[in-house]
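Residue strings, one per chain:
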Amino acid sequence: MLLRPPAWAQSVLQYHSSPGRAGNYVVPGFTPDRARSMHLDRAFDGRVGGHVYAQPLLFNEAGRELLVVATENNVVDALDARTGRLVWQKSLGKAVTSTMLPCGNINPLGITGTPAIDDSRRAIYLDGMVLTQDGPQHLVFGLSLEKGQILPGFPVNVAHALAVRGPQFIPSDQNQRGALLIIQNTVYIPYGGHFGDCGHYHGWVVGVGLDEPHRVITWSTRAAGGGIWAPGGVVSDGHSLFAATGNTFDTPQWGGGEAVIRLSLDLKPPMSTRDYFAASDWRMLDRRDADLGGTAPLPFDLNGSAGGAHLMLALGKDGKAYLLNRDNLGGVGGGLATRQVSSDEIKTAPVVYPAPDGGAFVVFAGGGINCPAAAISHPSIAALKFQTHYKPAILTAWCASLDGSGAPIVTTTDGRSDAIVWIVGAEGDDRLHAFRGNTGESLLAEPQVRLQGLRHFATIVATQQHLFVPADGKIYAFTP
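All figures in this text were calculated on a predicted structure; none of them were measured in a lab. (Residues numbered from 1 in each chain as written. Predicted model: local features only at pLDDT ≥ 70, side-chain atom pairs only at ≥ 80, totals over all residues. Heavy atoms only, no water.)

For the protein chain, the helix and strand inventory stands at three helices and 33 strands. Radius of gyration (C-alpha) of the protein chain: 21 Å, near the 23 Å computed for a compact globule of 480 residues. Seen along its three principal axes, the alpha-carbon backbone of the protein chain occupies a region of about 55 × 55 × 40 Å. Residues classed as buried in the protein chain amount to 62% of the 480 residues present. A separation threshold of at least 6 residues defines the contact pool for the protein chain, and within that pool the share at least 24 residues apart is 57%. Approximately 17,000 Å² of the protein chain is accessible, and the part contributed by carbon and sulfur atoms is 48%. (Helix = DSSP H or I, 4+ residues; strand = E, 2+ residues; numbered from the N terminus. Rg over C-alpha atoms; globule rule 2.2 N^0.38 Å. Buried < 20%, exposed > 50% of the residue type's maximum accessible area, 1.4 Å probe, protein only. Contact = heavy atoms within 4.5 Å. Areas by Shrake-Rupley, 256 points an atom, 1.4 Å probe, with all protein chains shown as cover.)

Right, dumping it as C-alpha coordinates:
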(Lines give C-alpha, C1' and ligand atoms only; values in the text may rest on other atoms or scores of the structure.)
Protein backbone atom coordinates (compact mmCIF):
# COMPACT_ATOMS: atom_id res chain seq x y z
CA MET A 1 0.00 0.00 0.00
CA LEU A 2 1.03 3.61 -0.41
CA LEU A 3 1.40 4.73 3.17
CA ARG A 4 1.94 2.50 6.16
CA PRO A 5 -1.06 3.06 8.44
CA PRO A 6 -0.31 4.32 11.92
CA ALA A 7 -0.20 1.97 14.87
CA TRP A 8 -3.00 2.34 17.40
CA ALA A 9 -0.74 3.99 19.97
CA GLN A 10 0.04 6.86 17.66
CA SER A 11 -1.95 10.05 17.46
CA VAL A 12 -4.64 10.65 14.84
CA LEU A 13 -3.30 13.92 13.47
CA GLN A 14 -5.46 14.40 10.40
CA TYR A 15 -8.45 13.21 8.42
CA HIS A 16 -8.54 9.41 7.95
CA SER A 17 -5.29 9.22 9.91
CA SER A 18 -2.85 9.69 6.99
CA PRO A 19 -1.91 12.24 4.30
CA GLY A 20 -3.18 9.72 1.71
CA ARG A 21 -6.58 9.49 3.52
CA ALA A 22 -6.42 5.68 3.52
CA GLY A 23 -8.65 5.47 6.61
CA ASN A 24 -6.86 2.30 7.83
CA TYR A 25 -6.52 2.17 11.63
CA VAL A 26 -4.28 -0.55 13.10
CA VAL A 27 -5.83 -1.98 16.27
CA PRO A 28 -4.02 -5.15 17.44
CA GLY A 29 -6.39 -7.81 18.65
CA PHE A 30 -9.42 -6.15 17.08
CA THR A 31 -10.70 -9.23 15.22
CA PRO A 32 -14.14 -9.73 13.65
CA ASP A 33 -15.13 -12.00 16.57
CA ARG A 34 -14.23 -9.26 19.05
CA ALA A 35 -16.03 -6.65 16.93
CA ARG A 36 -19.31 -8.55 17.31
CA SER A 37 -19.38 -7.50 20.98
CA MET A 38 -19.12 -3.78 20.21
CA HIS A 39 -21.46 -1.72 22.40
CA LEU A 40 -21.97 1.85 23.52
CA ASP A 41 -19.72 2.91 26.42
CA ARG A 42 -22.27 4.75 28.55
CA ALA A 43 -19.59 5.81 31.03
CA PHE A 44 -17.94 8.02 28.40
CA ASP A 45 -19.20 11.60 28.81
CA GLY A 46 -18.30 13.28 25.52
CA ARG A 47 -20.30 16.51 25.48
CA VAL A 48 -19.05 19.22 23.07
CA GLY A 49 -20.04 22.78 22.18
CA GLY A 50 -21.98 22.63 18.91
CA HIS A 51 -22.76 20.77 15.70
CA VAL A 52 -19.92 18.54 14.48
CA TYR A 53 -19.07 18.06 10.80
CA ALA A 54 -15.29 17.68 11.21
CA GLN A 55 -13.62 14.41 12.19
CA PRO A 56 -12.25 14.45 15.76
CA LEU A 57 -8.48 14.12 16.18
CA LEU A 58 -6.47 12.25 18.81
CA PHE A 59 -3.25 13.48 20.41
CA ASN A 60 -1.19 11.07 22.52
CA GLU A 61 1.72 12.28 24.58
CA ALA A 62 3.30 10.68 27.65
CA GLY A 63 0.13 8.83 28.57
CA ARG A 64 -2.10 11.85 28.03
CA GLU A 65 -4.77 11.19 25.40
CA LEU A 66 -6.71 14.19 24.10
CA LEU A 67 -9.69 13.84 21.79
CA VAL A 68 -9.91 17.21 20.03
CA VAL A 69 -13.26 18.22 18.54
CA ALA A 70 -14.01 21.33 16.45
CA THR A 71 -17.61 22.51 16.07
CA GLU A 72 -19.75 24.80 13.96
CA ASN A 73 -19.99 27.17 16.95
CA ASN A 74 -16.28 27.93 16.44
CA VAL A 75 -15.54 26.07 19.65
CA VAL A 76 -12.67 23.61 20.07
CA ASP A 77 -13.09 21.07 22.88
CA ALA A 78 -10.26 18.88 24.15
CA LEU A 79 -11.63 15.83 25.94
CA ASP A 80 -9.93 13.13 27.95
CA ALA A 81 -10.04 10.28 25.41
CA ARG A 82 -10.60 7.69 28.14
CA THR A 83 -13.45 9.34 30.01
CA GLY A 84 -14.82 12.14 27.83
CA ARG A 85 -14.15 14.69 30.56
CA LEU A 86 -13.50 18.22 29.30
CA VAL A 87 -9.80 19.14 29.63
CA TRP A 88 -9.97 22.55 27.97
CA GLN A 89 -12.25 24.54 25.70
CA LYS A 90 -11.48 27.44 23.37
CA SER A 91 -14.01 29.73 21.68
CA LEU A 92 -12.66 31.41 18.54
CA GLY A 93 -15.35 33.97 17.84
CA LYS A 94 -18.95 34.19 16.77
CA ALA A 95 -20.06 31.76 14.08
CA VAL A 96 -21.89 33.03 10.99
CA THR A 97 -25.62 32.43 10.56
CA SER A 98 -27.14 31.41 7.24
CA THR A 99 -28.91 34.78 6.90
CA MET A 100 -25.48 36.44 6.51
CA LEU A 101 -24.53 34.27 3.53
CA PRO A 102 -25.80 34.16 -0.06
CA CYS A 103 -26.71 30.46 0.26
CA GLY A 104 -25.69 27.31 2.12
CA ASN A 105 -27.11 24.56 4.30
CA ILE A 106 -24.93 24.70 7.44
CA ASN A 107 -26.29 26.88 10.23
CA PRO A 108 -24.45 28.19 12.11
CA LEU A 109 -21.30 28.05 10.00
CA GLY A 110 -18.04 27.89 11.91
CA ILE A 111 -15.46 25.11 11.70
CA THR A 112 -16.46 22.53 9.08
CA GLY A 113 -13.26 21.13 7.55
CA THR A 114 -11.29 18.68 9.70
CA PRO A 115 -8.29 20.42 11.34
CA ALA A 116 -4.73 19.06 11.32
CA ILE A 117 -2.28 18.58 14.19
CA ASP A 118 1.46 19.17 14.07
CA ASP A 119 2.79 16.93 16.82
CA SER A 120 6.28 18.48 16.84
CA ARG A 121 4.73 21.83 17.76
CA ARG A 122 1.98 20.28 19.88
CA ALA A 123 -0.45 22.46 17.97
CA ILE A 124 -3.68 22.17 16.01
CA TYR A 125 -4.54 24.27 12.93
CA LEU A 126 -8.00 24.98 11.56
CA ASP A 127 -10.15 27.35 9.52
CA GLY A 128 -13.15 29.03 11.14
CA MET A 129 -15.81 31.20 9.51
CA VAL A 130 -15.96 34.04 12.04
CA LEU A 131 -18.22 37.09 12.19
CA THR A 132 -15.86 40.07 12.46
CA GLN A 133 -16.29 43.83 12.17
CA ASP A 134 -15.63 43.29 8.44
CA GLY A 135 -18.41 40.71 8.21
CA PRO A 136 -17.94 36.95 7.73
CA GLN A 137 -14.25 36.10 7.37
CA HIS A 138 -12.22 32.93 7.03
CA LEU A 139 -9.63 32.95 9.81
CA VAL A 140 -6.88 30.32 10.03
CA PHE A 141 -5.99 29.57 13.65
CA GLY A 142 -3.09 27.83 15.30
CA LEU A 143 -3.79 26.64 18.85
CA SER A 144 -1.55 25.10 21.47
CA LEU A 145 -2.66 21.63 22.52
CA GLU A 146 -1.61 22.41 26.07
CA LYS A 147 -4.54 24.70 26.91
CA GLY A 148 -5.86 25.94 23.57
CA GLN A 149 -3.95 29.23 23.50
CA ILE A 150 -3.80 31.01 20.12
CA LEU A 151 -0.25 30.80 18.76
CA PRO A 152 1.79 33.91 17.82
CA GLY A 153 1.02 35.22 14.33
CA PHE A 154 -2.46 33.70 14.25
CA PRO A 155 -5.21 34.00 13.26
CA VAL A 156 -4.52 34.68 9.58
CA ASN A 157 -7.36 36.45 7.76
CA VAL A 158 -7.35 34.69 4.37
CA ALA A 159 -9.08 37.45 2.41
CA HIS A 160 -6.75 40.11 3.81
CA ALA A 161 -3.66 37.99 3.16
CA LEU A 162 -4.68 37.38 -0.45
CA ALA A 163 -5.74 40.98 -1.10
CA VAL A 164 -2.15 42.20 -0.91
CA ARG A 165 -1.22 39.53 -3.47
CA GLY A 166 -3.91 40.40 -5.98
CA PRO A 167 -6.30 37.40 -6.15
CA GLN A 168 -9.94 38.05 -5.28
CA PHE A 169 -11.14 35.88 -2.43
CA ILE A 170 -14.70 36.73 -1.34
CA PRO A 171 -15.02 35.15 2.12
CA SER A 172 -18.82 35.14 2.27
CA ASP A 173 -18.95 33.24 -1.06
CA GLN A 174 -16.26 30.72 -0.13
CA ASN A 175 -16.77 27.78 2.19
CA GLN A 176 -14.21 25.49 3.83
CA ARG A 177 -15.44 21.89 4.06
CA GLY A 178 -12.37 19.82 3.11
CA ALA A 179 -9.77 18.53 5.56
CA LEU A 180 -6.55 20.45 6.15
CA LEU A 181 -3.11 18.92 5.55
CA ILE A 182 0.29 19.69 7.11
CA ILE A 183 3.51 19.00 5.20
CA GLN A 184 6.95 20.57 5.64
CA ASN A 185 5.97 23.42 7.97
CA THR A 186 2.96 24.47 5.91
CA VAL A 187 -0.73 23.90 6.51
CA TYR A 188 -2.76 23.57 3.30
CA ILE A 189 -6.42 24.59 3.38
CA PRO A 190 -8.89 23.84 0.53
CA TYR A 191 -11.86 26.06 -0.26
CA GLY A 192 -15.00 25.73 -2.36
CA GLY A 193 -18.46 27.26 -2.34
CA HIS A 194 -21.64 26.83 -0.33
CA PHE A 195 -24.46 24.40 -1.00
CA GLY A 196 -26.39 26.09 -3.81
CA ASP A 197 -23.31 27.25 -5.79
CA CYS A 198 -24.05 30.93 -5.24
CA GLY A 199 -21.83 33.98 -5.54
CA HIS A 200 -18.37 34.21 -7.05
CA TYR A 201 -16.13 31.47 -5.75
CA HIS A 202 -13.23 29.34 -6.98
CA GLY A 203 -11.53 26.18 -5.91
CA TRP A 204 -8.60 27.34 -3.79
CA VAL A 205 -5.71 25.75 -1.98
CA VAL A 206 -4.11 28.19 0.46
CA GLY A 207 -0.84 27.37 2.23
CA VAL A 208 0.07 29.10 5.50
CA GLY A 209 3.54 28.79 7.01
CA LEU A 210 3.60 27.36 10.52
CA ASP A 211 6.80 29.18 11.48
CA GLU A 212 5.87 32.32 9.55
CA PRO A 213 2.08 32.68 9.35
CA HIS A 214 2.45 35.78 7.19
CA ARG A 215 3.97 33.51 4.49
CA VAL A 216 0.92 32.61 2.39
CA ILE A 217 0.93 30.75 -0.94
CA THR A 218 -2.06 29.98 -3.16
CA TRP A 219 -3.45 28.14 -6.16
CA SER A 220 -6.94 28.49 -7.61
CA THR A 221 -8.97 27.27 -10.57
CA ARG A 222 -8.91 29.56 -13.60
CA ALA A 223 -12.66 29.27 -14.15
CA ALA A 224 -15.23 30.34 -11.58
CA GLY A 225 -16.48 27.45 -9.46
CA GLY A 226 -14.44 24.27 -9.31
CA GLY A 227 -14.71 24.09 -5.54
CA ILE A 228 -12.60 21.72 -3.44
CA TRP A 229 -15.20 20.57 -0.95
CA ALA A 230 -14.84 16.81 -0.39
CA PRO A 231 -14.37 15.84 3.30
CA GLY A 232 -10.88 14.44 2.58
CA GLY A 233 -9.74 17.85 1.33
CA VAL A 234 -6.09 18.07 0.27
CA VAL A 235 -4.29 14.72 -0.13
CA SER A 236 -0.62 13.78 -0.43
CA ASP A 237 1.28 10.69 -1.61
CA GLY A 238 4.40 11.89 0.19
CA HIS A 239 5.70 13.83 -2.80
CA SER A 240 2.90 15.98 -4.23
CA LEU A 241 -0.45 17.42 -3.23
CA PHE A 242 -3.68 16.37 -4.93
CA ALA A 243 -7.17 17.84 -4.88
CA ALA A 244 -10.43 17.05 -6.68
CA THR A 245 -12.52 19.91 -8.04
CA GLY A 246 -16.22 20.34 -8.71
CA ASN A 247 -18.33 22.05 -11.35
CA THR A 248 -17.30 25.29 -13.05
CA PHE A 249 -19.52 27.97 -14.60
CA ASP A 250 -19.94 29.38 -18.11
CA THR A 251 -16.48 28.50 -19.37
CA PRO A 252 -15.98 27.59 -23.04
CA GLN A 253 -12.66 25.90 -22.29
CA TRP A 254 -11.63 23.62 -19.45
CA GLY A 255 -10.62 25.82 -16.52
CA GLY A 256 -9.71 23.42 -13.73
CA GLY A 257 -13.11 21.92 -12.88
CA GLU A 258 -14.30 18.28 -12.72
CA ALA A 259 -10.70 17.27 -12.22
CA VAL A 260 -7.93 15.77 -10.13
CA ILE A 261 -5.10 18.30 -9.85
CA ARG A 262 -1.52 17.60 -8.81
CA LEU A 263 0.20 20.52 -7.07
CA SER A 264 3.75 20.97 -5.90
CA LEU A 265 4.31 21.99 -2.28
CA ASP A 266 4.85 25.59 -3.41
CA LEU A 267 1.43 25.46 -5.15
CA LYS A 268 2.77 26.32 -8.60
CA PRO A 269 0.13 25.65 -11.29
CA PRO A 270 0.18 22.32 -13.14
CA MET A 271 2.56 22.54 -16.09
CA SER A 272 1.47 19.58 -18.27
CA THR A 273 -1.21 16.96 -18.75
CA ARG A 274 0.81 14.73 -16.40
CA ASP A 275 -0.38 17.00 -13.60
CA TYR A 276 -4.13 16.91 -14.07
CA PHE A 277 -7.00 14.67 -15.10
CA ALA A 278 -10.44 15.89 -16.11
CA ALA A 279 -13.44 13.85 -17.14
CA SER A 280 -13.94 13.88 -20.92
CA ASP A 281 -17.59 14.92 -20.35
CA TRP A 282 -16.69 17.75 -17.97
CA ARG A 283 -19.12 20.14 -19.68
CA MET A 284 -22.05 17.80 -19.04
CA LEU A 285 -20.92 17.26 -15.45
CA ASP A 286 -20.83 21.05 -15.03
CA ARG A 287 -24.38 21.38 -16.33
CA ARG A 288 -25.65 18.56 -14.09
CA ASP A 289 -23.75 19.71 -10.98
CA ALA A 290 -22.38 16.14 -10.92
CA ASP A 291 -19.02 17.02 -9.40
CA LEU A 292 -16.13 14.69 -9.94
CA GLY A 293 -14.92 16.23 -6.67
CA GLY A 294 -17.51 14.52 -4.49
CA THR A 295 -14.65 12.70 -2.75
CA ALA A 296 -10.97 13.50 -2.35
CA PRO A 297 -8.72 11.51 -4.70
CA LEU A 298 -7.37 8.33 -3.13
CA PRO A 299 -3.74 7.37 -3.89
CA PHE A 300 -2.60 3.75 -3.53
CA ASP A 301 0.11 1.45 -4.87
CA LEU A 302 -0.01 -2.10 -6.20
CA ASN A 303 3.05 -4.29 -6.57
CA GLY A 304 2.90 -7.30 -8.87
CA SER A 305 4.96 -9.35 -11.29
CA ALA A 306 4.80 -6.55 -13.84
CA GLY A 307 6.29 -4.06 -11.38
CA GLY A 308 4.79 -1.35 -9.23
CA ALA A 309 1.71 0.63 -10.15
CA HIS A 310 1.20 4.11 -8.70
CA LEU A 311 -2.54 4.57 -8.89
CA MET A 312 -5.17 7.07 -7.87
CA LEU A 313 -8.93 6.63 -7.68
CA ALA A 314 -11.46 9.43 -7.99
CA LEU A 315 -15.14 8.91 -7.17
CA GLY A 316 -17.75 11.44 -8.21
CA LYS A 317 -21.30 12.58 -7.70
CA ASP A 318 -21.96 11.04 -11.12
CA GLY A 319 -21.50 7.61 -9.50
CA LYS A 320 -18.42 6.83 -11.57
CA ALA A 321 -14.99 5.60 -10.54
CA TYR A 322 -12.00 7.03 -12.40
CA LEU A 323 -8.79 4.98 -12.14
CA LEU A 324 -5.71 7.09 -12.86
CA ASN A 325 -1.96 6.64 -13.26
CA ARG A 326 -0.58 8.82 -10.48
CA ASP A 327 2.68 9.39 -12.37
CA ASN A 328 0.83 10.68 -15.43
CA LEU A 329 -2.74 11.81 -14.74
CA GLY A 330 -3.29 12.16 -18.47
CA GLY A 331 -5.15 15.43 -19.02
CA VAL A 332 -8.75 15.65 -20.22
CA GLY A 333 -10.09 12.11 -20.69
CA GLY A 334 -6.71 10.58 -19.94
CA GLY A 335 -7.51 8.07 -17.20
CA LEU A 336 -6.73 4.34 -17.22
CA ALA A 337 -10.34 3.22 -16.76
CA THR A 338 -13.77 4.65 -16.01
CA ARG A 339 -16.73 2.68 -14.72
CA GLN A 340 -20.18 3.38 -13.32
CA VAL A 341 -20.00 1.89 -9.81
CA SER A 342 -22.93 3.53 -7.99
CA SER A 343 -26.52 4.41 -8.69
CA ASP A 344 -26.20 7.25 -6.14
CA GLU A 345 -23.97 10.26 -5.69
CA ILE A 346 -20.67 9.45 -3.96
CA LYS A 347 -19.76 12.33 -1.68
CA THR A 348 -18.22 11.33 1.64
CA ALA A 349 -14.80 9.60 1.68
CA PRO A 350 -13.58 6.15 0.61
CA VAL A 351 -11.05 3.91 2.36
CA VAL A 352 -8.35 1.63 0.93
CA TYR A 353 -6.81 -1.47 2.49
CA PRO A 354 -4.88 -4.56 1.32
CA ALA A 355 -6.63 -7.65 0.01
CA PRO A 356 -5.44 -11.12 1.13
CA ASP A 357 -4.11 -11.91 -2.36
CA GLY A 358 -1.96 -8.77 -2.44
CA GLY A 359 -4.44 -6.56 -4.26
CA ALA A 360 -6.44 -3.75 -2.71
CA PHE A 361 -10.03 -2.99 -1.72
CA VAL A 362 -11.56 0.49 -1.93
CA VAL A 363 -14.84 0.91 -0.04
CA PHE A 364 -17.23 3.82 -0.50
CA ALA A 365 -20.70 4.80 0.69
CA GLY A 366 -23.11 4.69 -2.22
CA GLY A 367 -25.58 2.50 -4.09
CA GLY A 368 -23.17 -0.06 -5.52
CA ILE A 369 -24.07 -1.69 -8.84
CA ASN A 370 -22.94 -4.95 -10.49
CA CYS A 371 -22.83 -6.43 -7.01
CA PRO A 372 -21.87 -10.12 -6.92
CA ALA A 373 -24.47 -10.98 -4.24
CA ALA A 374 -27.94 -10.94 -5.78
CA ALA A 375 -29.54 -10.94 -2.32
CA ILE A 376 -28.53 -7.30 -1.77
CA SER A 377 -31.67 -5.49 -2.94
CA HIS A 378 -30.71 -1.94 -1.92
CA PRO A 379 -26.93 -1.74 -1.56
CA SER A 380 -25.63 1.42 0.10
CA ILE A 381 -21.96 0.57 0.65
CA ALA A 382 -19.70 -1.15 -1.86
CA ALA A 383 -16.15 -2.47 -2.18
CA LEU A 384 -14.13 -2.24 -5.38
CA LYS A 385 -11.27 -4.72 -5.97
CA PHE A 386 -7.97 -4.00 -7.71
CA GLN A 387 -5.66 -6.88 -8.64
CA THR A 388 -1.91 -7.12 -8.14
CA HIS A 389 -1.28 -7.87 -11.80
CA TYR A 390 -1.52 -4.47 -13.38
CA LYS A 391 -4.68 -4.18 -15.42
CA PRO A 392 -6.71 -0.97 -15.65
CA ALA A 393 -9.91 -2.64 -14.45
CA ILE A 394 -12.48 -1.65 -11.82
CA LEU A 395 -14.37 -4.61 -10.32
CA THR A 396 -17.08 -4.69 -7.64
CA ALA A 397 -16.09 -7.16 -4.91
CA TRP A 398 -19.05 -6.90 -2.54
CA CYS A 399 -21.99 -4.73 -1.56
CA ALA A 400 -23.95 -4.35 1.67
CA SER A 401 -26.96 -2.45 2.95
CA LEU A 402 -27.62 0.14 5.62
CA ASP A 403 -29.97 3.08 5.93
CA GLY A 404 -28.05 6.35 5.84
CA SER A 405 -24.62 7.51 4.76
CA GLY A 406 -21.46 8.27 6.67
CA ALA A 407 -17.79 8.03 5.77
CA PRO A 408 -16.35 4.54 6.26
CA ILE A 409 -13.12 3.64 8.04
CA VAL A 410 -11.37 0.27 8.26
CA THR A 411 -9.62 -1.38 11.19
CA THR A 412 -6.97 -4.08 10.77
CA THR A 413 -4.92 -5.93 13.34
CA ASP A 414 -1.59 -5.31 11.57
CA GLY A 415 -2.31 -3.10 8.57
CA ARG A 416 -3.49 -6.05 6.44
CA SER A 417 -5.30 -8.72 8.45
CA ASP A 418 -8.81 -8.97 9.92
CA ALA A 419 -10.13 -5.98 8.00
CA ILE A 420 -13.41 -4.57 9.35
CA VAL A 421 -15.22 -1.70 7.63
CA TRP A 422 -17.06 0.59 10.05
CA ILE A 423 -19.68 3.18 9.12
CA VAL A 424 -22.69 4.89 10.70
CA GLY A 425 -26.08 5.19 9.03
CA ALA A 426 -26.05 8.95 9.45
CA GLU A 427 -29.31 10.75 8.66
CA GLY A 428 -30.93 7.31 8.25
CA ASP A 429 -31.03 4.53 10.83
CA ASP A 430 -28.33 6.44 12.84
CA ARG A 431 -26.71 3.20 13.99
CA LEU A 432 -23.18 1.82 13.93
CA HIS A 433 -22.50 -0.87 11.29
CA ALA A 434 -19.55 -3.21 10.74
CA PHE A 435 -18.73 -5.39 7.72
CA ARG A 436 -16.05 -7.99 7.17
CA GLY A 437 -13.58 -6.31 4.86
CA ASN A 438 -13.06 -9.23 2.48
CA THR A 439 -16.67 -10.32 2.01
CA GLY A 440 -19.04 -7.60 3.22
CA GLU A 441 -20.60 -9.89 5.85
CA SER A 442 -22.42 -7.85 8.51
CA LEU A 443 -20.83 -8.33 11.93
CA LEU A 444 -23.14 -6.43 14.29
CA ALA A 445 -26.44 -7.91 15.32
CA GLU A 446 -29.55 -5.76 15.35
CA PRO A 447 -30.77 -3.75 17.03
CA GLN A 448 -27.91 -1.37 17.76
CA VAL A 449 -28.47 1.77 19.82
CA ARG A 450 -29.77 4.69 17.76
CA LEU A 451 -27.53 7.75 17.93
CA GLN A 452 -28.77 11.35 17.88
CA GLY A 453 -27.44 14.26 15.83
CA LEU A 454 -25.34 12.45 13.21
CA ARG A 455 -24.37 14.29 10.03
CA HIS A 456 -23.70 12.49 6.74
CA PHE A 457 -20.10 13.72 6.91
CA ALA A 458 -19.70 11.78 10.19
CA THR A 459 -16.31 10.02 10.26
CA ILE A 460 -15.37 7.50 12.94
CA VAL A 461 -12.02 7.51 14.77
CA ALA A 462 -10.57 4.21 16.05
CA THR A 463 -8.30 3.60 19.06
CA GLN A 464 -7.48 0.41 20.96
CA GLN A 465 -10.13 1.25 23.55
CA HIS A 466 -12.85 2.94 21.53
CA LEU A 467 -14.53 3.81 18.28
CA PHE A 468 -15.47 7.49 18.51
CA VAL A 469 -18.52 8.69 16.55
CA PRO A 470 -19.03 12.49 16.27
CA ALA A 471 -22.52 13.97 16.51
CA ASP A 472 -24.09 17.31 17.29
CA GLY A 473 -23.20 18.26 20.86
CA LYS A 474 -21.76 14.83 21.70
CA ILE A 475 -19.06 12.30 20.91
CA TYR A 476 -20.27 8.71 21.25
CA ALA A 477 -17.78 6.04 22.30
CA PHE A 478 -18.15 2.35 21.47
CA THR A 479 -16.07 -0.38 23.05
CA PRO A 480 -15.87 -4.17 22.55
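Okay, back to it.
Bringing the state of the cysteines into the picture now. Within the structure shown, the criterion is met by two disulfides. Note that Cys 103 is cross-linked by a disulfide to Cys 198, the S-S spacing being 1.9 Å. Its S-S torsion of approximately -85 degrees makes the covalent link between Cys 103 and Cys 198 left-handed. A residue pair is termed long-range when its members are at least 10 positions apart, and Cys 103 in the loop between strand 6 (86-91) and strand 7 (116-118) and Cys 198 in the loop between strand 12 (186-191) and strand 13 (204-209) qualify at 95 residues. (Disulfide = S-S within 2.5 Å.)

Time to look at the packing of aromatic side chains. Applying the stated criterion across every chain yields a total of 12 aromatic pairs. Ring centres of Trp 254 and Tyr 276 lie 4.5 Å apart, and the angle between their planes is 20 degrees; on these two criteria the pair is classed as stacked. With Trp 254 in the loop between strand 16 (241-244) and strand 17 (259-263) and Tyr 276 in strand 18 (residues 276-278), this pair connects stretches of sequence that are 22 residues apart. For the pair shown, Trp 254 and Tyr 276 are each scored as buried. (Phe/Tyr/Trp six-rings, centres within 6.5 Å; stacked < 30°, edge-to-face > 60°.)

For soluble globular proteins, the rule of thumb is that nonpolar side chains tend to be buried together. Judged by nonpolar contacts, the single largest core of 38 residues is most densely connected at Leu 67, Trp 422, Leu 432, Leu 467 and Phe 478. At the level of secondary structure, the elements contributing two or more residues to this core comprise strand 4 (64-70), strand 29 (420-424), strand 30 (432-436), strand 31 (461-462), strand 32 (467-471) and strand 33 (474-479). If you look at the next biggest cluster of nonpolar residues, it comprises 22 residues, including Leu 323, Phe 364, Ala 382 and Phe 386. (Core = buried A, V, L, I, M, F, W, Y, C linked by side-chain atoms within 4.5 Å.)

Quick look at the layout of surface pockets now. There is about 410 Å³ of room inside the largest pocket. Its residues assigned to classes, the lining of the largest pocket shows six nonpolar, eight polar and nine charged. (1 Å grid on protein atoms, 1.4 Å probe; cavity = no way out; pocket = protein on both sides within 12 Å on 5 of 7 lines; lining within 4 Å. Points joined across faces, edges and corners; volume = space filled by probe spheres on them. Nonpolar A, V, L, I, M, F, W, Y, C, P; charged D, E, K, R; others polar.)

Attention now moves to the sheet that holds strand 24 (residues 351-354). Here we have four strands laid out as an open sheet, ordered 24-25-26-27, and antiparallel in their pairing. Each of the sheet's edge strands pairs with one partner strand only, and the pair in question is strand 24 and strand 27 (395-400). The sheet shows a mean angle of 25 degrees between the axes of neighbouring strands, direction not considered. (Pairing = 2+ DSSP bridges. Axes fitted to C-alpha atoms, helices over the stretch in contact; angles between N-to-C directions.)

What follows concerns empty space enclosed by the protein. Applying the stated criterion across every chain yields a total of seven cavities of 30 Å³ or more. Roughly 70 Å³ of volume is contained in the second largest cavity. Ser 98, Leu 101, Cys 103, Gly 104, Asn 105, Ile 106, Leu 109, Asn 175, Arg 177, His 194 and Phe 195 together form the lining of the second largest cavity. Here the lining of the second largest cavity is composed, by residue class, of five nonpolar, five polar and one charged.

In the case of a regular strand, side chains alternate between the two sheet surfaces. Counting buried positions along strand 3 (residues 57-61) yields four of five residues, so the element is predominantly enclosed. With five bridges connecting them, strand 3 and strand 4 associate as antiparallel partners. Paired with Asn 60 across the strands is Glu 65, a residue of strand 4. Connecting strand 3 to the next strand, strand 4, in antiparallel fashion are two residues, including Ala 62 with a positive phi near 50 degrees.

On to the side chain of Glu 72, then. Relative to the helices and strands, Glu 72 is located in the loop between strand 4 and strand 5 (75-80). Looking at Glu 72, its side chain comes within polar contact range of the main-chain nitrogen of Gly 110, at 2.7 Å. What Glu 72 contacts, discounting residues up to four positions off in sequence, is His 51, Tyr 53, Ala 95, Ile 106, Pro 108, Leu 109, Gly 110, Ile 111 and Thr 112. (Polar contact = N/O pair within 3.5 Å; in protein donor to acceptor, adjacent residues only side chain to side chain.)

With that settled, the discussion passes to the sheet that holds strand 10 (residues 156-157). Strands sit in the order 7-8-9-10 across an open sheet of four strands; the sheet is antiparallel. Both edges of this open sheet fall to strand 7 and strand 10, since each of them pairs with a single strand only.

This structure, assessed with the given rule, holds 21 salt bridges. Of the charged contacts, one joins Asp 237 and Arg 326 as a salt bridge, the two residues approaching to 3.0 Å between their closest N and O atoms. On the criterion of sequence distance, the pair formed by Asp 237 in the loop between strand 15 (235-236) and strand 16 and Arg 326 in the loop between strand 21 (320-325) and strand 22 (331-332) is long-range, its members being 89 residues apart. When its relative accessible area of 9% is taken as the criterion, Asp 237 is described as buried. Put simply, Asp 430 and Arg 450 hold a salt bridge, and the shortest N to O gap is 3.8 Å. Here Asp 430 is found in the loop between strand 29 and strand 30, whereas its partner Arg 450 is found in the loop between strand 30 and strand 31, with 20 residues between them in sequence. Shared partners join several salt bridges into a network, and the residues in it are Asp 33, Arg 36, Arg 436 and Glu 441. (Salt bridge = Lys/Arg side-chain N within 4 Å of Asp/Glu carboxyl O.)

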